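Understanding the architecture of this molecule
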Amino acid sequence: MDQMPKADKTNHAVSVVDNQFRLPKADKTNHAVSVVDNQFLRTIWGPFLPGDIGVIREVYPEIPLDFIEKLTAIDGDHVELIPAARLLEVLIPIELVARYLRNEYSQIKRGIGDINIVANPLSILSFVDGVVKRVITPETELMHKPAEKLALRTGALEKVNMLLDRYFGLELAYGCSCCALVFKKEDREAVLASQYYQKREQQGRHWDSDVLAATGNLYGPVPIAEVPSVFLENSVDFGQEEKDSYIRFSQTAQRCIDEHPDNSLNLNKWYNRAACFIGGQCQKHGDHCPLPPVQDYT
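Residues numbered from 1 in each chain as written. Predicted model: local features only at pLDDT ≥ 70, side-chain atom pairs only at ≥ 80, totals over all residues. Heavy atoms only, no water.

1. A short note on the side chain of E95
Structurally, E95 can be placed in helix 3 (residues 87-101). When its relative accessible area of 0% is taken as the criterion, E95 is described as buried. In this structure, E95 is in contact with Y60, M143, S245, R248 and F249, ignoring residues within four places of it in sequence. (Helix = DSSP H or I, 4+ residues; strand = E, 2+ residues; numbered from the N terminus. Buried < 20%, exposed > 50% of the residue type's maximum accessible area, 1.4 Å probe, protein only. Contact = heavy atoms within 4.5 Å.)

Here it is as structure tokens:
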């Protein structure tokens, strides 16, 4: 039988040492928790906690308390409306709806007509000195990654939109990774059919961060307050309203961390549920596993 040559491939997923498979530990930014004195503490990228509602209501008094409670509610199986919601995911629809209710509409420069819309581009795409350029800021990044995660959860996004319609007659939508949008539900078809929505997404994909990084036209992260005004003036949808929105959004998130009485997390509760659901190892002897355990297990 002819011998097939073994392939020689780089970027191996595992290494074999002493007949054992060893996976390299990952190095990841934007940690959801920090570990201090063997305690797990939530970061700005971490989970939403009920104690955040006080800060949120102070910043966004026009958002009803019962709306926030329903947005962050847990069903009978202990699954949240936005499953395992992060703080930033909860703040996204709240910030965008507050902008709409305050008439802080986006000043879209072309392709949207007379529709009132709130658009928070997830980075600044601009045409400066005859060249397409994109600026990343820490503030827009705080919304960028959570917005993408929220958008990918189809069922959760549908439930969020049901709430938005019931309370405000509004809808949340995305232009992929380009924008998070809020508009009147009755304007949905007009928005999605608009030149702005279709062309903005097209151009955002043509001139994404990978392309602009390769051409030397990707900048940042630069604090949003320090971005030269020429980038705002030459953007189709990023102006002073969006700048103010991102500053408020990021400051609110930071306040939730700074002013929260206790940011500690009991990962042991999560572990018990994972042991049952992922590992099939129920540690509660037949009780309903998604319920919080009555005691801690090590």
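There is more to say, and it comes next.
2. Concerning the sheet that holds strand 11 (residues 264-265)
The sheet built from 3 strands is open, its strands ordered 3-4-11 with antiparallel pairing. The outermost strands of the open sheet, each flanked by one partner alone, are strand 3 (33-36) and strand 11. Alignment of strand 4 (residues 39-42) against strand 11, held across 2 bridges, turns out to be antiparallel. The partner of F40 across the bridge, within strand 11, is L265. (Pairing = 2+ DSSP bridges.)

3. Focus on helix 7 (residues 195-206)
Each α-helix turn comprises 3.6 residues. Residues three or four places apart therefore point the same way. For helix 7, with 12 residues, the first-to-last C-alpha span of 16 Å sits near the 16 Å given by 1.5 Å per residue. Within the sequence span of helix 7, burial applies to Y196, R200, E201 and G204. Each buried residue of helix 7 lies within a common arc of 120 degrees when the element is viewed along its axis, so the set occupies one face. Looking at the buried residues of helix 7, the elements they touch are strand 5 (117-121), strand 6 (124-128), strand 7 (131-135) and strand 9 (179-184). (Expected span 1.5 Å × (residues − 1). Arc of directions from axis to C-beta.)

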